[in-house]
Amino acid sequence: MQKPELIELPKIVDPRGNLSFFEYPKQLPFEIARTYWIYDVPGGEIRGSHAFREQQEFIVALSGSFDVVLHDGKDELRFSLNRSYHGLFIPNLFWRSLENFSTNSIALIVSNKKFSHLDYIRDFEEFKNLKNGF
Ligand code: TYD
């Protein structure tokens, strides 16, 4: 089983402004099928709170900071994203929430799958049962 992983991205420091990037297969473990971003999040709001059957994701805090809270069916794992040159790889079948958004933060998310409602698991008990083989 693949594991969540915080990946340090290249950072090209330049007095004109810094530049970072990711590309498959060097920094990104999958080819991108879809890109979306979450922004204008009011203080205290939580996004996500579901798992994906097939979809894998890679999340970068392009601006500001937020926490990605993962659950593997047994344990919780928390990543604080606050650098635009860090990317968090999340394998499929991890429950995940995004919370603690700072003002004006932007979460960039790339995925290996096109959007499908059918890929979502929105019930935590169903997720735990699936993970734990019930
Ligand atoms: P959703 O993934 O449920 O957001 P969150 O879990 O963070 O609350 O997506 C919210 C809505 O946006 C939902 O109706 C589906 C739609 N959506 C798309 O149409 N395409 C996409 O790529 C994504 C991520 C969401």
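Notes on the structure in this doc start here.

It is worth spelling out the pairing of strand S8 (residues 76-81) at this point. For a regular strand, side chains alternate in direction, first toward one face of the sheet and then toward the other. Across six bridges, the pairing between strand S7 (residues 66-71) and S8 is antiparallel. Its bridge partner being in S8, His-71 is matched across the sheet by Glu-76. Counting the residues between successive antiparallel strands, the hairpin from S7 to S8 contains four residues, one of them, Gly-73, with a positive phi of roughly 100°.

Below, the discussion takes up the packing of aromatic side chains. According to the stated counting rule, one finds eight aromatic pairs in the structure shown. The structure contains a cluster of three or more aromatic residues connected by ring pairs, namely Phe-52, Phe-115 and Tyr-120. Between Lys-131 and the ring centre of Phe-94, over which it is positioned, the NZ or CZ distance is 4.5 Å.

Arg-34, Tyr-36, Arg-47, Gly-48, His-50, Phe-115, Tyr-120 and Arg-122 make up every residue found near the ligand. His-50 places a polar side-chain atom, nitrogen or oxygen, 2.6 Å from an oxygen atom of the ligand. For the ligand, the protein covers 60% of the area, taking 530 Å² as the surface of the free molecule. Elements with a contribution of two residues or more to the shell around the ligand: strand S4 (34-38) and strand S5 (47-52). With three residues, the top contributor of residues to the shell around the ligand is S5. Among the residues forming the shell around the ligand, the class breakdown is three nonpolar, two polar and three charged.

Sheet architecture is open: five strands sit in the order S1-S9-S6-S11-S4, paired in antiparallel fashion. Looking at which strands have only one partner, the edges of the open sheet turn out to be strand S1 (5-8) and S4. Taken pair by pair, the neighbouring strands of this sheet meet at an average axis angle of 25°, ignoring direction. Direction of pairing for strand S6 (residues 57-63) relative to strand S9 (residues 86-90): antiparallel, over a ladder of four bridges. Across the sheet, the residue bridging to Phe-58 is Phe-89, located in S9.

Right, let's talk about the pattern of salt bridges for a bit. For the coordinates displayed, the defined rule picks out eight salt bridges. Where Arg-53 meets Glu-126, a salt bridge forms, and the shortest distance between an N and an O atom there is 3.5 Å. With a gap of 73 residues between them, Arg-53 in the loop between S5 and S6 and Glu-126 in helix H1 (residues 124-131) connect regions that are remote in the sequence. Residue Arg-53 is classed as partly exposed on the basis of its relative accessible area of 32%. Overlapping salt bridges, with partners in common, bring together Asp-67, Arg-78 and Glu-99 in one network.

Turning to the nonpolar core, a few remarks are in order. Within the largest apolar cluster, 16 residues are counted, with the highest numbers of intra-cluster contacts made by Ile-59, Phe-66, Val-68 and Leu-98. Listing elements by their share of this core, those giving two or more residues are S6, S7, S8, S9 and strand S11 (106-111). Setting aside residues no more than four positions away along its own chain, Ile-59 makes contact with Phe-66, Val-68, Leu-81, His-86, Gly-87, Leu-88, Ile-90, Leu-98, Leu-108 and Ile-109. Ranked by size, the runner-up nonpolar core spans ten residues in total, among them Ile-7, Leu-28, Tyr-85 and Val-110.

The rules behind these values
Residues numbered from 1 in each chain as written. Predicted model: local features only at pLDDT ≥ 70, side-chain atom pairs only at ≥ 80, totals over all residues. Heavy atoms only, no water. Pairing = 2+ DSSP bridges. Helix = DSSP H or I, 4+ residues; strand = E, 2+ residues; numbered from the N terminus. Phe/Tyr/Trp six-rings, centres within 6.5 Å; stacked < 30°, edge-to-face > 60°. Lys NZ or Arg CZ within 6 Å of the ring centre and 35° of its normal. Near = heavy atom within 4 Å. Polar contact = N/O pair within 3.5 Å; in protein donor to acceptor, adjacent residues only side chain to side chain. Areas by Shrake-Rupley, 256 points an atom, 1.4 Å probe, with all protein chains shown as cover. Nonpolar A, V, L, I, M, F, W, Y, C, P; charged D, E, K, R; others polar. Axes fitted to C-alpha atoms, helices over the stretch in contact; angles between N-to-C directions. Salt bridge = Lys/Arg side-chain N within 4 Å of Asp/Glu carboxyl O. Buried < 20%, exposed > 50% of the residue type's maximum accessible area, 1.4 Å probe, protein only. Core = buried A, V, L, I, M, F, W, Y, C linked by side-chain atoms within 4.5 Å. Contact = heavy atoms within 4.5 Å.

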